[in-house]
Amino acid sequence: MTIDAEKLDLFTRELQLCAVKPGETVVVLTADDEWREHAQIFMVAAGNLGARTFNLNVRRGQANAVGVQGRHPLVDNELAMRTLKSASLVIDMVGLLFSREQAQIQAAGARILRVMEPFHILRQMFPTEDLRRRVEHAKAMMEKARKLRFTSAAGTDITYRLGQYPVISEYGYTDEPGRWDHFPSGFAFTQGNDGGIEGSVVLQPGDVLCAFKKYVESPIRLRVEKGMVVEVAGEGLDADLVRSYIESFHDPRAYAISHIGWGLNEKARWYQFAVTRDLASEHVMNALSFYGNVLFSLGPNLEVGGSNDTACHLDLPMRRCSLWLDDVQVLRDGDVIHPQMRVAR
Ligand SMILES: [Fe+2]
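Fair warning: this is a prediction, and the values are worked out from it, not measured in the lab.

Q: Outline the packing of helix α3 (residues 78–85) against helix α4 (residues 100–107), listing residues and values.
A: One can describe the packing of α3 onto α4 by two numbers: an axis separation of 8 Å at closest approach and a directional angle of 40°. As far as their axial angle goes, α4 and α3 are oblique. Handedness of the α3/α4 crossing: right-handed. Seen from α3, the contacting residues are Met81, Leu84 and Lys85; seen from α4, they are Glu101, Gln104 and Ile105. Residues belonging to the contact of α3 with α4 are distributed by class as follows: 3 nonpolar, 1 polar and 2 charged.

As structure tokens, this is what we get:
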């Protein structure tokens, strides 16, 4: 395989941000023949930085299809798990997110970098140290806050009690032992306290239904009591779609409110799904990360150490919202106004 110079340069800079050093071991984890070129180039980049490197390839198999969260080919694969736990850095192209196995690899001290977007997205949203600084500020603020409220002119007004769950940062690289990140990204999030989320959310045209890779076109009104959606209303097609989708899981825990946070990556585009010619291979990192979004979501809370492992997960990035932590305003009408998180333009 000839190595593309532009890709090698970008992946080398990514591993430098991850502080890959001589003597470290970088394991590239892939499934079947997915992401073969990216895997090869990451290994060349790691080798050029003096690290040992190899590719651990597993069979995805029918039961482990992409999108079924928490179930993947490392379950009961003890030798593969021992290998990954001994690595300095695991490049995850399988998608371990929400799994117990991922938590075990992190607990052993390996850092994990998930990379599952096509190259043009990795280039477009490439992380910076300034993005890290701003995301870490968001994380620190959320860790201290006891209340998060967000509102919109469309009628959203919802309050989350905070403090029970940890805060997770994603800025696109990781140089700390045991830390997980996702290249590319750009947000921080936590989870409201059990039973501690009350209010209404009104999704508006232009908000994003990540599970469908499409935009909301007709308003969807969600009423939330004690951390659960108790009503999905709206006259248009979208309320029907969301209602039917959630019902299809036959799982009452699918109605739980999941993680909450906001996007800080000024390179990410909310309109990406409208302009891409590559909808099948692109995932949702533009939608999750775009600057000034409120990243509202429904479903599981395993990611922050909770017990809800429902397979129904709806990420619903929203535009034009205002958000406060305790009494400090962070977003105003979809713009970041907090000076420590605002981009210097
Ligand atoms: Fe999510």
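Q: Requested: an account of the sheet that holds strand β7 (residues 168–170), with residues and values cited.
A: Sheet strands line up and pair through hydrogen bonds in the backbone, either parallel or antiparallel. Read across the sheet, 5 strands follow the order β7-β9-β15-β16-β17 without closing on themselves; strand pairing throughout is antiparallel. The open sheet terminates on both sides in strands that have one partner only, identified here as β7 and β17 (314–318). The mean inter-strand angle of the sheet, taken between neighbouring strand axes irrespective of direction, is 20°. Here 2 bridges tie strand β15 (residues 260–263) to strand β16 (residues 294–298), and the two strands are oriented antiparallel to one another. By the bridge assignment for β16, Trp262 is matched with Val294. Along the sheet, helix α6 (residues 129–144) contacts β7, β9 (187–190) and β15; its crossing angle with β9, the most-contacted strand, is approximately 20°.

Q: Kindly report on unusual backbone geometry, identifying the contributing residues and their values.
A: Glycine aside, negative phi is the norm for most residues, and most peptide bonds take the trans geometry. In this structure, the amide linkage connecting Phe183 to the following residue, Pro184, adopts the cis form with an omega of 0°. Within the element layout of this structure, Pro184 appears in the loop between β8 (180–182) and β9. The residue Asp326 is not glycine, and still its phi comes out positive at about 45°. Considering the arrangement of structural elements, one finds Asp326 in the loop between β18 (321–325) and β19 (328–332).

Q: Give a detailed account of the packing of helix α1 (residues 5–17) against helix α2 (residues 36–48), specifying residues and quantitative values.
A: Where α1 contacts α2, the axes come no closer than 9 Å and their chain directions differ by 60°. Relative to α2, the element α1 is oriented oblique. For the element pair α1 and α2, the recorded crossing hand is right-handed. In this structure, α1 contributes Lys7, Leu8, Phe11, Thr12 and Leu15 to the contact, and α2 contributes Ile41, Phe42, Val44, Ala45, Ala46 and Asn48. Taken together, the residues of the contact of α1 with α2 sort by class into 8 nonpolar, 2 polar and 1 charged.

Q: Which residues make up the nonpolar core, and what values do they have?
A: Ranked by internal contacts, the top residues of the largest apolar core, which has 96 residues, are Leu29, Leu89, Val90, Ile91, Trp262, Leu264 and Val294. There are two domains that each give this core at least three residues, and those are domain 1 (5–116) and domain 2 (126–336). Beyond its immediate chain neighbours, meaning those up to four positions away, Ile91 contacts Val26, Val28, Leu29, Phe42, Leu113 and Val115.

Analysis parameters
Residues numbered from 1 in each chain as written. Predicted model: local features only at pLDDT ≥ 70, side-chain atom pairs only at ≥ 80, totals over all residues. Axes fitted to C-alpha atoms, helices over the stretch in contact; angles between N-to-C directions. Helix = DSSP H or I, 4+ residues; strand = E, 2+ residues; numbered from the N terminus. Parallel < 35°, antiparallel > 145°, perpendicular 65-115°, else oblique. Left-handed = near helix turned anticlockwise from the far one by under 90°. Contact = placed C-beta atoms within 7 Å. Nonpolar A, V, L, I, M, F, W, Y, C, P; charged D, E, K, R; others polar. Pairing = 2+ DSSP bridges. Core = buried A, V, L, I, M, F, W, Y, C linked by C-beta atoms within 7 Å. Buried ≥ 20, exposed ≤ 12 C-beta atoms within 10 Å, placed from the backbone. Domains from an automatic or database assignment.

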